[in-house]
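Each chain, letter by letter, is given below.
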Amino acid sequence: MKMDIISIKPILAVLVSLMAAILIVVFRDYRNIREFWTISASIIKFTIISSMLPCILTGNTLYYELFSVLPNISVAFRVDALGILFGILASFLWILTSIYSIGYMRSLDEHSQTRYYAFFALALSSATGIAFSANLLTLFIFYETLTLSTYPLVVHKETPKARSAGRRYLIYTLSGSVILLFAIILSYSIAGTLDFVNGGFLSKSTSITNLQILFAMFIIGFGVKSAFMPLHSWLPSAMIAPTPVSALLHAVAVVKAGIFGVIRVIYFVFGSELLLDMGLGMALAYFVSFTIIVASLFALVQDNLKRRLAYSTISQLSYIALGVALSNPNGLMGGVLHFVYHAFMKITLFFCAGAIYVVTHKENISELNGIGRKMPITMSMFFIAVLGMCGFPPTCGFISKWYLLLGSAEANQLLLIIVLIVSTLLNIAYFFPIVLRAFFKKPAKQNGIEEAPPLMLIPIIITALISVLLGIWPDAPYSFFHIVRLMEGYI
Amino acid sequence: MRRVELEWIVGRYNYLIFIALALIGFYAMIAKKNLIKKIIGMNIFQTAIFLFYISMADIEGRKAPILVPGVEEYVNPLPHVLILTAIVVCVSTTAVALSLIVKIYQKFGSIEEDEIMEMMK
Amino acid sequence: MSEKMVESVVARTISRIIIPFIQLYGIYVITHGESSPGGGFQGGVILGTSIILFGIVFSLNTTKKWISKKILILFMSLGLLIYSGIGAIDMLFGGKYLEYGKLPLPLHSPEMSALSILMVEIGIGLCVMSTITLLFIFLAGEKSGTRMDSWEI
Amino acid sequence: MNIIQNLPILVVIVPLIASFCMPIIGLFRRRYCFYLTLITNFLILIFAMLLLNYVINQGEIHYYLGNWEPPYGIEYVIDHLSAFMIILISFIAFIMTIYSKEDVENELPTNAPLFYTLFMLLTASLLGIVSTGDLFNLYVFLEIASLSAYTLVAVGKKKDALIGSFNYLIMGTLGACFILIGIGFLYLVTGSLNMADIALRLPSLYSSHVVHAAAIFFVVGLSIKIALFPLHVWLPDAHAHAPSTISVFLSGLVLKVGAYAMIRVLFDIFTVEFFVNTLPIAEVLSWMAAIAIIAGSINAIAQKDIKRMLAYSSVSQMGYIALGIGLANTPGIMGSLLHILNHAFMKGCLFSAAGAIIHKYKIRNVHQFKGLGKKMPYTMAAFSIAAISMVGAPPFGAFFSKLFLALGAIESGKWIFALIILISSLLNAAYFFSILERAYFTKLHDEEIEEAPISMVLPTFILAMGCIAFGVFMFILEPFLRDIATSLL
């Protein structure tokens, strides 16, 4: 029997990093204490969120209503399987990213570190808020704060290029939010509620055309953050941000928030049944498969490592959307698993890119000849992650891709299977040259082994190992697999 | 078209005068470039309103509301009182406006709006 | 404006004679405000006009010697304070603002009202007189060194 | 003396008497003017809190001036809406008194008594407008407020301020004349000046052309006072060149009180039935407001002078308030009222931050704002909070007011207005983020912290905290606003 358990834990989880942000600003002159707050907040946050897990695994949900804004609209939190999945993912990776950030920021002796840590913590607060929000309004509030709190991180370098990237980021995301808010208000006027309900709160009470337009607006609204083409161009330019930001926010928190919104809209606003009725699920699947292929093609020609990773992210995010849009158990399973697994793999890749930058100050792939000999550990981890991205066993990427293929087959969509296979080939085409160049090309001059500082290396190793571990032993107790299993009821 | 009868005009001549005066004042306030003329227009406009109030209160055959033995019917004194207040407002507005114009003349050396605008550029 | 505004002897002589009568009339209008047409505002304007006439015929500086700006500002505020104070005093004795009937005086309520209104009229008259005069002094004195944007006296 | 019973009038006459005392004190001790203002405004703030408390617990207060019962005498009515406005006015007045100390010493060193006299007069008349229940009294207070505002705009040292003030005076007087004509027409047909009494007598006269004309005169006159789009030309000059304290007052309170008068006149005197169905006033008003929202924002983007930019932004934001009035449904009015509150705080904060910047660095052009975020961290932090709130980002206050307005627009079936509200957020973002970007994300070499004086930073910061609080604690305000909205409809 499913139950709503009243609990303030979700609020605590949101508030922890908010408090951390305040403490970070207060202790801005003592960098050790400041960074202590970052790490301890991340650990506390992870502890709080994982303490909710056993309860969720038994099929219950946690609920807390903060206050009501309008009749049937309140600012409220509900932790369900999908929410806790995102929450755990973000908070766990925050621990690693905090450690990594300290190494990265200190090695590069960056300016405005207080601002960086404070807004990082705020961004995590918002991401947790998104994960745990119980209705569209709450989700929108945190979605918007996420946008605003990541803006200073994008512009961190304070160069004209960074400013223009920040401007582009704001233009895209704020326009997206405007459309999103409009869609939210429209759906409130149609349904009179905004609470997420399994199976969707919208019904065929209005005309099909209205619902189709509404869905399109939702997809555009969330699609900006999940970087569906042609709404993607902010993401590659946002790569000017410090690498930990790109790693956690632009590979996990922000973009996954967009995808998370898409999942919420598909299963909790419209309901898969209604969408399939209107034929919108398949439309979305084909829409995103365009992104899968084209983004991979874009990635082929990028020389800047982080930009190539960004285009890879764009392509991989659409995998998730594809799986979710299929609206069958295997597709959903594949999509949501990819949601998690992609995070681990992509964060490893970004961490490696950051480590390379810290050690060699090189950002372009063409300059990476023989880097594998100089930084063997980093590049091996990079290789593991690349294997995962291309979907080779025994990494976790294989599992999610397998489910995606199963889901496509189940839906009798031959074309989508072809898309997935072609994109895998393209993944290989743009990732393997990096590895080959790193290990088999002769560097200009040999300097011996010079690795990044341990504070950076350890997170890299952990994430890479986890991506392998999740591939070998996917159904370990309390693993993501079990959480994803709970979601089968969504269909 | 409806024929405008003379009687209709005569019966409402006070309102017609009010409208005519108000429009003259309004025109001067908006269209005149000379600041003093604007103020004159403002005064005409306000005076028109005063006349409107006063004539509105007047009833033929009734006397001013002063206690005099033998007079039974008075006109409504309230509009007069209101207009007294409105006159005070008008006077203060005019005073403020005039002092502003004096200052403007000191600083810009002109009270023609277009010349001042030219100078402000 | 020049130091001596009007050179005409006729104007000076006539003004000398007429100004006291104007002022007397002003005071009459003020004091009979509560029972007949007139009142503080009208009387105050008449009083103010007499001073302005003095200022035009003689000179601004003579006027300022006769009644200084400081005094006028004081009168202006004082008049307003009398007006609002009389109204407020009633509140101290349980009445409403401007009720004029609750003063602890051995008088009937209408008499008390009349008394209060007389006081109010005097206050208003004082205020209007000084305001009108001040307006004249500020506007006219602009060139002779009295700057109206300055509180300096 | 029963203080509680006399509160409605005390709120008005205490600042009035203080303002009468000011010239006398100015003659002897110029410095004391500030302290008298501070004490008076603190007293009013306490009165306002008592009033609010009384109104919430005991209901409306009716106060008959001179114990003359309406419709013969002047009546003061404090209902929820009035109490709401009184607390807003007295709070901002108190905060801005603190702020004014440095500002006055800097911008008008010799005129402190004059400034404070007019300042108190303005406060008194604003409080008078919101507490009176008599239409003519409303007009008189409106004029006192306007007159003191014209003078306060011109009181500074700037040359352009005189022209701004003069244009403001001409337009303001025009508006006042229209209102006076409107009052005359209403008096002509109803024979009463008491708002409640007129409202009682009007319904049988809805078909009368005189009533129609009166309504139109009222709407046009008040539209000038709140600077609704095509009638806004006076606003940018007046607000931009006034002393900073006064800029806050003008856009934070004077405009808002105009909006209050509009709400009172339209909803309490003419009813919703009249101005929605009998005459298409609501329709016209909301379209005008929609144009104002867009046009004001676009004009603001084009400005380089920070205060002018903020002034044009006020035009746009007044559009929101007018839109809520025009929508004439519960969420719309709640949005309007909430935006009155939020905008007073946001724009107050922005203008006072701009004033602090001008005070400290003498720069007005936004292109010179480079690196200010590091030079004036506290002022700019307040500025950014208010600016982001202005954009309508959650969880700040303005998000909710815009949300309510958009919901109101959808509820009345005009989704185009909802879209305009949302799109205008983007336009707001365009000019505010360009300032923030310059202030925070530009590298400068001389980055030493040099803040404005604490008496300027503290009020700015309190106003910024207000922007956050009204967003986060919206749920406390919401039932109160809903009460007001339902009582108006």
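Residues numbered from 1 in each chain as written. Chains lettered and ligands numbered in written order. Predicted model: local features only at pLDDT ≥ 70, side-chain atom pairs only at ≥ 80, totals over all residues. Heavy atoms only, no water.

Enquirer: Go over the interface of chain D and chain B with me, naming the residues and quoting the values.
Expert: Between chain D and chain B, the contact holds 30 residues from the first and 36 residues from the second. Around 3,000 Å² of area is buried between chain D and chain B when both sides are counted, 84% of it from carbon and sulfur atoms. The interface formed by chain D and chain B contains zero salt bridges. Across the chain D-chain B interface, the total number found is two residue pairs in polar contact (both at pLDDT 80 or more). Among the elements of the structure, α5 (135–154) and α6 (159–190) of chain D are those that each provide at least two residues to the side of chain D that touches chain B. Of the residues forming the side of chain D that touches chain B, the biggest block, 20 residues, is contributed by α6 of chain D. In the side of chain D that touches chain B, the residues fall into 21 nonpolar, five polar and four charged. (Contact = heavy atoms within 4.5 Å. Buried area = accessible area lost by both parts, 1.4 Å probe. Salt bridge = Lys/Arg side-chain N within 4 Å of Asp/Glu carboxyl O. Polar contact = N/O pair within 3.5 Å; in protein donor to acceptor, adjacent residues only side chain to side chain. Helix = DSSP H or I, 4+ residues; strand = E, 2+ residues; numbered from the N terminus. Nonpolar A, V, L, I, M, F, W, Y, C, P; charged D, E, K, R; others polar.)

Enquirer: Describe the pairing of strand β2 (residues 61–70) of chain A, naming the residues involved and giving the relevant values.
Expert: Residue and element names in this part refer to chain A. Across three bridges, the pairing between strand β1 (residues 4–6) and β2 is parallel. Bridge pairing links Ile6 to Tyr63 in β2. Bridging between β2 and strand β3 (residues 73–79) involves seven bridges; their strand directions are antiparallel. What sits directly across from Phe67, in β3, is Val75. Hairpin geometry of β2 and β3 is characterised by an intervening segment of two residues between the two adjacent antiparallel strands and by a positive phi of about 70° at Asn72. (Pairing = 2+ DSSP bridges.)

Enquirer: Lay out the packing of helix α14 (residues 329–360) of chain A against helix α16 (residues 376–390) of chain A with the relevant residues and their values.
Expert: Residue and element names in this part refer to chain A. Running from N to C, α14 and α16 cross one another at 150°; their axes reach a closest spacing of 9 Å. Comparing their axes, α16 and α14 come out roughly antiparallel. Viewed along their axes, α14 and α16 form a crossing whose handedness is left-handed. Contacts between α14 and α16 involve His342, Met345, Lys346, Thr348, Leu349, Cys352, Ala355 and Ile356 from the first element and Thr378, Met379, Met381, Phe382, Ala385, Val386, Gly388 and Met389 from the second. Here the residues of the contact of α14 with α16 are counted per class, giving eleven nonpolar, four polar and one charged. (Axes fitted to C-alpha atoms, helices over the stretch in contact; angles between N-to-C directions. Parallel < 35°, antiparallel > 145°, perpendicular 65-115°, else oblique. Left-handed = near helix turned anticlockwise from the far one by under 90°.)

Enquirer: Could you give me a rundown of the arrangement of the chains, with the residues and numbers involved?
Expert: Most contacts, when the four pairs of chains in contact are compared, are made between chains B and D. One thing to see here is that chain A and chain B don't touch, and their nearest C-alpha atoms sit 33 Å from each other.

Enquirer: Go over the side chain of Thr313 of chain A, please, and point to the residues and values.
Expert: Topologically, Thr313 of chain A is positioned in helix α13 (residues 305–326). Ignoring anything within four residues of it in the chain, the contact list for Thr313 of chain A reads Leu235, His250, Ala251, Val255, His342, Lys346 and Phe350 of chain A.

Enquirer: Any chance you could break down the packing of aromatic side chains for me, citing the residues and the numbers?
Expert: Summed over the entire model, instances satisfying the criterion amount to 61 aromatic pairs over all chains. With a centroid separation of 6.5 Å and 70° between ring planes, the pair formed by Tyr378 of chain D and Phe461 of chain D is classed as edge-to-face. One end of the pair, Tyr378 of chain D, is in helix α16 (residues 377–391); the other, Phe461 of chain D, is in helix α19 (residues 454–472), and 83 residues separate them in sequence. We classify Phe461 of chain D as partly exposed; its relative accessible area is 26%. Among the aromatic residues, those joined into a ring-pair cluster are Tyr15, Phe18, Phe26, Phe45, Phe52 and Tyr53 of chain B together with Phe178, Phe185 and Phe217 of chain D. Above the face of the Tyr63 of chain D ring, Lys96 of chain C is positioned so that its terminal group lies 4.9 Å from the ring centre. Lying over the aromatic face of Phe34 of chain D, Lys101 of chain D brings its terminal NZ or CZ to 5.6 Å of the ring centre. (Phe/Tyr/Trp six-rings, centres within 6.5 Å; stacked < 30°, edge-to-face > 60°. Buried < 20%, exposed > 50% of the residue type's maximum accessible area, 1.4 Å probe, protein only. Lys NZ or Arg CZ within 6 Å of the ring centre and 35° of its normal.)

Enquirer: Pulling in residues and values, what's your account of the sheet that holds β2 of chain A?
Expert: Strand pairing in a sheet takes place through backbone hydrogen bonds and is either antiparallel or parallel in direction. All names here are of chain A. Across the sheet, which stays open at both edges, the three strands sit in the order β1-β2-β3 with mixed pairing between neighbours. Looking at which strands have only one partner, the edges of the open sheet turn out to be β1 and β3. Going across the sheet, the axis of each strand differs from the next one's by a mean of 40°, ignoring polarity.

Enquirer: If you had to explain unusual backbone geometry to someone new, which residues and values would you point to?
Expert: Of note, the bond from Met229 of chain A into Pro230 of chain A is cis; its omega dihedral lies within 30 degrees of zero at 5°. Here the amide bond leading from Pro394 of chain D into Pro395 of chain D is cis, since omega sits at 0°, within 30 degrees of zero. Locating Pro395 of chain D in the fold gives a position in the loop between α16 and α17 (397–411). Even without a glycine there, the phi angle at Glu158 of chain A is positive, about 60°. Overall, the relative accessible area of 4% leaves Glu158 of chain A in the buried class. With phi around 60°, Ser327 of chain A is a residue other than glycine that occupies positive phi space. Relative to the helices and strands, Ser327 of chain A resides in the loop between α13 and α14.

Enquirer: Give a description of the pairing of strand β2 (residues 75–78) of chain D that names residues and reports values.
Expert: Residue and element names in this part refer to chain D. Residue alternation in β2 divides its side chains into two sets, Glu75 and Val77 and Tyr76 and Ile78, and both sets are buried. The sheet contact formed by strand β1 (residues 61–64) and β2 spans four bridges and is antiparallel. Note that in β2 the partner of Tyr64 across the bridge is Glu75.

On their own, these measurements won't tell you what the molecule is for.
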